[in-house]
Amino acid sequence: MSKLVRNLSSDYLSVSRTFSRVNRQGRLVYAYVEGYEDIAFWRGVLSKYETSELHFEINIPSRDDLAKGKKVLLSMSENCGDTMILCVDSDFDYLFGTRTAQSRQVNRSPFIFQTYVYSVENYLCYPPSLREACVRATNNDAYLFDFESFMKEYSRAIYPVFLWYVYSALQKKENFFTLNDFRNTVKLNYLELDNNGAATISWLRRMVSRRLQKLEQHYPRWIDKVQEFSNYLEGKGVKADNVYFYMHGHTLFDHVVLVIANTVCEALKLQMLDLIRRSDRTGTALNNEYSNYKNSLRDIATILKDNGQYREMELFQKLESDIETFIHRPINKNKE
């Protein structure tokens, strides 16, 4: 481990703030996250709790080899305390409960805060927020697609292979069903807007069926175990119609939601351009209207990365409850 990380502790940070150029009054808590892209998300989470008596400062680990990520953070866990916390993606640790050494570490520590969904990206893809995101990207409020209904159908379609993928991860047999295999099975290559994507869902179900058949043929001894595991996962909140909360986040964002959102946005833009074309404007006025509209368009991926509607989610509120418990826990005066 890097010397910088090894020597970093809650006690050290509590003392070091004395030498800070900006020595804010009150309690200062240093929050360490997995990577640069996580800083904005956790700033949005923690800023709600800042007062004149409590401040958070979010950083990535300081290492001489520049390594970062969840494993680096967890290697720092024994040094956490009232002035140093870790903020991580759950991955499968929330679902695994106490079944693995890492999940026990994440779930039991009062100084480690997890997303509960697989990763930050799963929050950004919150289905009830997707229509508004497309409206903001295209400045067209026409209702063309039911995102929530489609995502439930998508979830039901991939549920069987999701169970196999999570179970293989629990057994540390990811090579039996790799992330790449899972991604290739559940990603969307296209979206048919007609009938709210029914044709796309039918195509996806065929892909899942083929993969499932191969898995059951190669690992027949796992069939009953996967079914039993599904009962356990249901107790953790995993249902056939909400798998998108718990699946690999980048797969969901890049290969599912962006495919859907880009297709819908393209249809909304074409619709608006057609309305402009059929207006009474002609010549320069028409060209100006086209230019004004096109200049108002925004990138849907950027908008989704700023999405904050997930705050109404039960899993996010569970995260907030953990933070509130930490804030109000008695401070260990002996370690100040």
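Residues numbered from 1 in each chain as written. Predicted model: local features only at pLDDT ≥ 70, side-chain atom pairs only at ≥ 80, totals over all residues. Heavy atoms only, no water.

## Things to note about the sheet that holds strand 2 (residues 54-59)
Line of reasoning, step 1. In space, the four strands of this open sheet follow the order 2-1-3-4, with parallel pairing throughout. Two strands close off the open sheet at either side, each with one partner strand: strand 2 and strand 4 (112-114). Each adjacent strand pair in this sheet contributes to an overall mean axis angle of 25 degrees, direction not counted.
Line of reasoning, step 2. Along the sheet face, helix 3 (residues 36-46) touches strand 1 (27-33), strand 2, strand 3 (84-88) and strand 4 and points at about 170 degrees away from the line of strand 2.
Line of reasoning, step 3. Against the sheet, helix 16 (residues 314-328) makes contact with strand 1, strand 2, strand 3 and strand 4, and its axis sits at roughly 160 degrees relative to strand 4, the strand it touches most. (Pairing = 2+ DSSP bridges. Helix = DSSP H or I, 4+ residues; strand = E, 2+ residues; numbered from the N terminus. Axes fitted to C-alpha atoms, helices over the stretch in contact; angles between N-to-C directions. Contact = heavy atoms within 4.5 Å.)

## Notes on helix 11 (residues 198-218)
Line of reasoning, step 1. Here helix 11 spans 31 Å end to end across 21 residues, near enough to the 30 Å set by a 1.5 Å rise per residue.
Line of reasoning, step 2. Listed as buried for helix 11 are T200, I201, W203, L204, V208, L212 and L215. (Expected span 1.5 Å × (residues − 1). Buried < 20%, exposed > 50% of the residue type's maximum accessible area, 1.4 Å probe, protein only.)

## Considering the confidence of the model for the protein
Residues shown with low pLDDT carry predicted positions that ought not to be read at fine detail.
Line of reasoning, step 1. Model confidence for the protein is summarised by a mean pLDDT of 91, while 90% of its residues fall at 70 or above.
Line of reasoning, step 2. Low pLDDT, under 50, characterises residues 10-21; the predicted model gives this stretch 23 contacts beyond four residues in sequence or across chains. (pLDDT = per-residue confidence, 0-100.)

## Focus on the packing of aromatic side chains
Line of reasoning, step 1. Under the criterion given, the structure shown has 27 aromatic pairs.
Line of reasoning, step 2. Both rings, one in Y167 and one in W222, keep their centres 5.3 Å apart while their planes meet at 85 degrees; by these two values the pair is edge-to-face. Of this pair, Y167 sits in helix 9 (residues 147-170) while W222 sits in the loop between helix 11 and helix 12 (223-235), and the two are 55 residues apart along the sequence. Pair check on accessibility: Y167 and W222 agree, each one buried.
Line of reasoning, step 3. Both rings, one in Y244 and one in F245, keep their centres 4.8 Å apart while their planes meet at 75 degrees; by these two values the pair is edge-to-face. With respect to class, Y244 is no different from F245; both count as buried.
Line of reasoning, step 4. What links up through ring pairs into an aromatic cluster is the set W164, Y167, F176, Y219, W222, F229 and Y232. (Phe/Tyr/Trp six-rings, centres within 6.5 Å; stacked < 30°, edge-to-face > 60°.)

## A look at the environment of S75
Line of reasoning, step 1. As for its placement among the helices and strands, S75 is situated in the loop between helix 4 (70-74) and strand 3.
Line of reasoning, step 2. Of note is the side chain of S75, whose polar atom sits 2.5 Å from the backbone oxygen of V72. (Polar contact = N/O pair within 3.5 Å; in protein donor to acceptor, adjacent residues only side chain to side chain.)

## Some points on the nonpolar core
Line of reasoning, step 1. Y154, F162 and I260 are the most contacted members of the largest nonpolar core, which has 106 residues in total.
Line of reasoning, step 2. In terms of residue count, the dominant contributor to this core is helix 9 (16 residues).
Line of reasoning, step 3. Apart from the residues lying within four places of it in its own chain, the contact partners of F162 are F92, L95, F182, L233, V238, V243, Y246 and M247.
Line of reasoning, step 4. In this structure, M272, I276, L286 and Y293 belong to the second largest nonpolar core, which totals five residues. (Core = buried A, V, L, I, M, F, W, Y, C linked by side-chain atoms within 4.5 Å.)

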